[in-house]
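# Summary of structural features
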Amino acid sequence: MATKQKIQFVCQECGDSFPRWEGKCSSCGQWNTLVEEKVASEKSKTATKNLFRGGGVGGVRPGPIPLNQVDVLAETRRMTGIDEFDRILGGGIVAGSVTLIGGEPGIGKSTLMLQVALQMAGAGSPSLYVSGEESLEQTRLRAGRLGAVSEHLLCLGETQVETIGEHIQAVRPSCVILDSIQTAWSEESGSAPGSVSQIRDSAAHLITLCKHIHVPLFLVGHVTKSGVVAGPRVLEHMVDTVLYFEGDQHHNFRILRAVKNRFGSTNEIGIFEMGGSGLAEVKNPSELFLQERPEGASGSVVVPALEGTRPLLVEIQALTAPNGGFGAARRSANGLDQRRVALLIAVLEKRIGLRMFDQDVYVNIAGGVKVEEPAADLAALSAMVSSFQGVAIDQKTVVLGEVGLAGEIRSVSHLDKRLAEAARLGFTRAVTAPWQKNRAPAGIKIIGVKNVGDALKALEIY
């Protein structure tokens, strides 16, 4: 008698499972996200467990051994030749590492991965590009637009992970790129391609294989409306590095940000410019972001932000305008946390006495950069006051510091790196916390301020 196939309903947003269908997921609160999926049989589970045992890739796995008896392998890295990409990864690609790259459609994920595959293709060990979304003819046309076609770049149009794994073991490439993980499917999973179960099982299959044979693996992932990689969040925990592409499709600049990296620092960013021949590295992003800064305009200030280990000078712009008494005043922020901007406005009203309750306030970081650190607080606050007062801030002054609820100015980390970058671009003055005055590099003067009132007076805007 045939055994009845068990089913479950899995949320496509959070990955939680339920025995029956419900309109709303009780875990994440999303509506109409539960999809019926088949539960893997015991036979399939056993086959998965034994996949890399016995005569598989890794042989018979040993039992527990003392930590001091574990062989220490040298961390070998291979450079791709794309300096921005290598720096984000921590200095190159580590053998056996798994990297997940997410981003909106059309942002440049496939273009960058094809460029990496072309750089990694060598006569001794070719690279393998697995395309699950485009045909091989489309991939060839894309490579032609990039201006580099190599005989050592192997392309495979396949979506079944078992077949992909067989080719990986046969070729032993220098790197494997799967574009995208949402198109992959395993015959051991009974759910549809793109579902939570398929994404999880397909990724686990390839990750286990590539780590056993020490081949770096890159997985391209789609993102949801909220901007996170589609599928279960466990996918981000399974990989070694998670990279996100940021930027507007209507602008040429793209920012690749590392939000997780087991082989390097997090929050590192790489800046690229999209052109007709692919993504080109931006070697001096600070100068690029400031080259169109208006002179003598109110509401403009420069802050030396720190992204990972890289100092980056960006322009914060603010615009205040009376709302005319029509409803509540608007608070809009692009590139900064909107809640943080509302907090700074409250500090201005309470500690300075600046009446902004009837003002619409718009804050923007030029160039599409996102700054999440509190070191930009004082710069954003100064830009809003500058616009409100109609007084421009000195062009050769940078402003940085965290603003507390009492209006005090707190110190920031790595001030020497930030100010060295500012001095390199011609800035001569910095307004920040007073106890950091002894850390000024040559060519720049630090003006120490204890509170918001002192900062506005030093900037001569209030």
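Everything numeric here is computed off the predicted structure, so don't read it as measured data.

Once that is clear, we can look at the sheet that holds strand β9 (residues 176-179). Taken together, the nine strands give an open sheet; going across it, the order is β8-β7-β9-β10-β6-β11-β12-β13-β14, and neighbouring strands pair in mixed fashion. Two strands close off the open sheet at either side, each with one partner strand: β8 (153-156) and β14 (278-281). Adjacent strand axes in the sheet meet at a mean angle of 25°, parallel and antiparallel pairs treated alike. Contacts between helix α3 (residues 109-120) and the sheet are confined to β6 (98-102), β7 (127-131), β8, β9, β10 (217-221), β11 (241-246), β12 (253-261), β13 (269-275) and β14, with β7 contributing the most and set at about 155° to the helix. Here helix α4 (residues 136-146) sits on the sheet and contacts β7, β8 and β14; the angle it forms with β8, its principal contact strand, is near 150°.

This brings us to the confidence of the model for the chain. Of all residues in the chain, 89% have pLDDT values of 70 or greater, and the mean over the chain is 86. Contacts from residues 43-59, a stretch scored under 50 in pLDDT, to residues over four places away or in other chains number 23 contacts.

Within the secondary structure, Glu 158 sits in the loop between β8 and α5 (161-171). Filtering out sequence-adjacent residues up to four positions away, Glu 158 remains in contact with Val 130, Ser 131, Gly 132, Thr 163 and Ile 164. Polar contacts involving the side chain of Glu 158 include one to the main-chain amide nitrogen of Gln 160, which spans 3.1 Å.

Below, the discussion takes up the pairing of β13. Bridge analysis of β12 against β13 gives five bridges, and the strand direction is antiparallel. Note on β13: the bridge partner recorded for Arg 254 is Phe 272. Pairing analysis gives four bridges linking β13 to β14, with the strands arranged antiparallel. Paired with Glu 273 across the strands is Ala 280, a residue of β14. Once β13 ends, the chain turns through two residues before running back antiparallel as β14.

The end-to-end C-alpha separation of helix α6 (residues 196-212) is 24 Å, in line with the 24 Å expected for 17 residues at 1.5 Å each. Turning to α6, its buried residues are Val 196, Ser 197, Gln 198, Ile 199, Ser 202, Ala 203, His 205, Leu 206, Ile 207, Leu 209 and Cys 210. His 214, located one to two residues past α6, shows a positive phi value of around 60°.

Contact geometry for helix α9 (residues 338-352) and helix α10 (residues 377-389): axes closest at 10 Å, N-to-C directions at 60°. Judged by the twist between their axes, the crossing of α9 over α10 is right-handed. In contact with Arg 340, Val 341, Leu 344, Ile 345 and Leu 348 of α9, α10 contributes Asp 377, Ala 380, Leu 381, Met 384 and Val 385. When grouped by side-chain class, the residues that make up the contact of α9 with α10 number eight nonpolar, no polar and two charged.

Time to look at the nonpolar core. Nonpolar side chains in soluble globular proteins tend to be buried together. Within the largest apolar cluster, 64 residues are counted, with the highest numbers of intra-cluster contacts made by Ile 316, Leu 336, Leu 348 and Val 452. Residue contributions to this core peak at seven residues, all from α10. Among all residues touching Ile 316, those that are not within four sequence positions of it are Gly 299, Ser 300, Val 301, Val 303, Leu 336, Val 363, Asn 364, Ile 365, Ala 376, Ala 379, Ala 380 and Ala 383. Core analysis: the next-biggest nonpolar cluster, separate from the first, contains 29 residues, Ile 88, Met 120, Phe 218 and Leu 279 among them.

Relative to the helices and strands, Glu 268 is located in the loop between β12 and β13. We classify Glu 268 as buried; its relative accessible area is 3%. At a separation of 3.0 Å, a polar atom in the side chain of Glu 268 contacts the side chain of Ser 265.

Turning next to a nonpolar patch on the surface. Together, Ile 65, Leu 67 and Val 70 make up an exposed nonpolar region whose accessible area comes to about 320 Å². Inspection of the secondary structure assignment puts Leu 67 in the loop between α1 (42-49) and β4 (77-78). Leu 67 sits in the exposed class, given a relative accessible area of 76%.

Here we come to the packing of α5 against α6. The contact between α5 and α6 brings their axes to 10 Å, and the two run at 15°. Our classification of the angle between α5 and α6 gives roughly parallel. The handedness of the crossing between α5 and α6 is right-handed. Contacts from Val 161, Glu 162, Ile 164, Gly 165, Ile 168 and Gln 169 in α5 reach Ser 202, His 205, Leu 206, Leu 209 and Cys 210 in α6. Considered class by class, the residues forming the contact of α5 with α6 number six nonpolar, four polar and one charged.

Before going further, it helps to spend a moment on the sheet that holds strand β3 (residues 34-38). Pairing between the strands of a sheet is mediated by backbone hydrogen bonds and can be parallel or antiparallel. Ordered by their spatial adjacency, three strands build an open sheet running β2-β1-β3, and the pairing between neighbours is antiparallel. Across the chains shown, the open sheet's two edge strands, defined by having one partner strand only, are β2 (17-18) and β3. Two strands pair when backbone bridges link them, and strand β1 (residues 7-11) and β3 are joined in this way by five bridges, in the antiparallel orientation. Each bridged residue has a counterpart across the sheet, and for Gln 8 the counterpart in β3 is Glu 37.

Definitions and cut-offs
- Within every chain, residues take consecutive numbers counted from 1 along the sequence as written.
- Side-chain atom pairs in this predicted model are given and counted only at pLDDT of 80 or more, local residue features only at pLDDT of at least 70, and totals for whole chains, interfaces and linings cover all residues.
- As a rule here, side-chain values come from all non-hydrogen atoms in the structure, and water together with hydrogens is ignored.
- Between any two strands, pairing holds if DSSP finds at least two bridges.
- Going along the chain from the N terminus, every DSSP run of H or I of four or more residues is numbered as a helix, and every run of E of two or more is numbered as a strand.
- Axis lines are fitted to C-alpha atoms, over the contacting stretch for helices. Their N-to-C directions set the angle, which ranges from 0 to 180 degrees.
- Pairs of residues are marked as contacts when any of their non-hydrogen atoms sit within 4.5 Å.
- Confidence scores labelled pLDDT are given residue by residue by the predictor and lie between 0 and 100.
- Contacts described as polar in this section are N or O atom pairs within 3.5 Å, which, within protein, must combine one atom able to donate a hydrogen with one able to accept it, while residues neighboring in sequence count only if both atoms come from side chains.
- Expected helix span is computed as 1.5 Å times (number of residues minus one).
- A simple rule labels every residue: compare its accessible area, found with a 1.4 Å probe on the protein chains alone, to the largest value its type can have, and call it buried under 20%, exposed over 50%, or partly exposed in between.
- Here is the rule for handedness: rotate from the far helix to the near one, and if that takes an anticlockwise turn smaller than a right angle the crossing is left-handed, while a clockwise turn gives right-handed.
- Put simply, Ala, Val, Leu, Ile, Met, Phe, Trp, Tyr, Cys and Pro go in the nonpolar bin, Asp, Glu, Lys and Arg in the charged bin, and everything else, Gly too, in the polar bin.
- Definition used in this section: a nonpolar core is a set of buried Ala, Val, Leu, Ile, Met, Phe, Trp, Tyr and Cys residues joined via side-chain atoms within 4.5 Å.
- Exposure above 30% relative accessible area and the lack of any salt bridge qualify a residue for a patch; like charges then connect within 9 Å, and the nonpolar side chains Val, Leu, Ile, Met, Phe, Trp and Tyr within 5 Å.
- Here the Shrake-Rupley method, with its probe set to 1.4 Å, supplies the accessible areas, and only the displayed protein chains count as covering residues.
- Salt bridge, as used here: a side-chain nitrogen of Lys or Arg that lies within 4 Å of a carboxyl oxygen of Asp or Glu.
- Angle categories are assigned with fixed cut-offs, so that under 35 degrees is roughly parallel, over 145 is roughly antiparallel, 65 to 115 is roughly perpendicular, and the rest are oblique.

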